[in-house]
Amino acid sequence: MIVDQLVLDKKPSKSNYGSDKNSEKPIRSVAKAISWRVIGTLDTLLISYILTGKVVLAASIASIDFVTKMVLYFFHERIWNTINWGKQNK
């Protein structure tokens with residue numbers, strides 16, 4: 001099939017990052033962490049405001065949430081990147 005041939009013709013990446021060719025570079029994990037945290041922080045801000053009725057308190061909660069969960073997400077991604085379970089080896 002054409003699709004099978006395209007997959008077979010795909011050249012391996014010149015990047016030699018780690019032993020797993022499917023692993024992500026740390027900068028990609030950072031970008032994903034930031035984009036996801038923006039979404040999550042807006043959600044936290046909205047929920048905090050609905051529960052407290054105070055914008056300043058809601059913003060404080062959302063700010064702390066943004067920083068701590070972004071750091072946790074980054075390390076979560078890096079750990080999962082080292083686990084081969086569920087990956088398709090090419």
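Before any of the text, the structure's been laid out above.
Attention here is on the structure that accompanies the text. (Residues numbered from 1 in each chain as written. Predicted model: local features only at pLDDT ≥ 70, side-chain atom pairs only at ≥ 80, totals over all residues. Heavy atoms only, no water.)

**A look at the side chain of D65**
How we decide: Secondary structure elements follow DSSP: runs of H or I no shorter than four residues count as helices, runs of E no shorter than two count as strands, and numbering proceeds from the N terminus. In what follows, residue pairs with any heavy atoms lying within 4.5 Å of each other are defined as contacts.
With respect to the secondary-structure elements, D65 resides in helix α3 (residues 55-81). Apart from the residues lying within four places of it in its own chain, the contact partners of D65 are R37, G40, T41 and T44.

**Here's the deal with the packing of helix α2 (residues 26-52) against α3**
Selection criterion: Between the N-to-C directions of two axes lies an angle of 0 to 180 degrees, each axis being a line fitted to C-alpha atoms and, for a helix, fitted only over the stretch in contact. Our angle categories are set so that under 35 degrees counts as roughly parallel, over 145 as roughly antiparallel, 65 to 115 as roughly perpendicular, and the remainder as oblique. The sense of a crossing depends on the near helix, which, turned anticlockwise from the far helix by less than a right angle, makes the crossing left-handed and, turned clockwise, makes it right-handed. Throughout this entry, Asp, Glu, Lys and Arg are counted as charged residues, while Ala, Val, Leu, Ile, Met, Phe, Trp, Tyr, Cys and Pro are counted as nonpolar. The remaining residues, Gly among them, count as polar.
Packing of α2 against α3 leaves a shortest axis separation of 7 Å and a crossing angle of 150°. Of the possible angle classes, the one that applies to α2 and α3 is roughly antiparallel. Crossing angle aside, the handedness with which α2 passes α3 is right-handed. The residue inventory of the contact of α2 with α3, partitioned by class, reads 18 nonpolar, six polar and six charged.

**A closer look at the packing of aromatic side chains**
Condition: By convention, a stacked pair of Phe, Tyr or Trp rings (six-membered ring in the case of Trp) has centres within 6.5 Å and planes under 30 degrees apart, an edge-to-face pair has planes over 60 apart, and any other such pair is tilted. A simple rule labels every residue: compare its accessible area, found with a 1.4 Å probe on the protein chains alone, to the largest value its type can have, and call it buried under 20%, exposed over 50%, or partly exposed in between.
By the definition in use, this model includes two aromatic pairs. When the ring of F74 is compared with that of F75, the centres are 5.2 Å apart and the planes differ by 80°; the resulting orientation is edge-to-face. Taken together, a centroid distance of 6.3 Å and an interplanar angle of 50° make the contact between W80 and W85 tilted. Using a relative accessible area of 41% as the deciding quantity, one classes W80 as partly exposed.

**Brief notes about α3**
Short version of the rule: Each residue after the first adds 1.5 Å to the expected span of a helix.
A rise of 1.5 Å per residue sets the reference length of α3, with its 27 residues, at 39 Å; its end C-alpha atoms lie 38 Å apart and thus fit the reference within 8%. Of all the positions in α3, only A58, A62, D65, Y73, E77, R78 and N81 are classed as buried.

**Overview of the pattern of salt bridges**
Pairing is possible between side chains that carry opposite charge, provided their charged atoms lie close to one another. Stated formally: A pair is scored as a salt bridge if a Lys or Arg side-chain nitrogen falls within 4 Å of a carboxyl oxygen belonging to Asp or Glu.
All told, the structure shown has three salt bridges when counted by the stated rule. Across the salt bridge formed by E77 and K32, the nearest N and O atoms sit 3.1 Å from each other. Separated by 45 residues along the polypeptide, E77 in helix α3 and K32 in helix α2 bring together distant segments of the chain. A residue is classified by how much of its surface remains accessible, and E77, at 15% relative accessible area, is buried. Given a relative accessible area of 25%, K32 falls into the partly exposed group. Across the pair R37 and D65 runs a salt bridge, and its minimum N-O distance is 2.6 Å. Of this pair, R37 sits in helix α2 while D65 is found in helix α3, placing the two residues 28 residues apart along the sequence. Both residues of the pair, R37 and D65, count as buried. Within the structure, one salt-bridge network assembled from shared partners comprises R37, D65 and K69.

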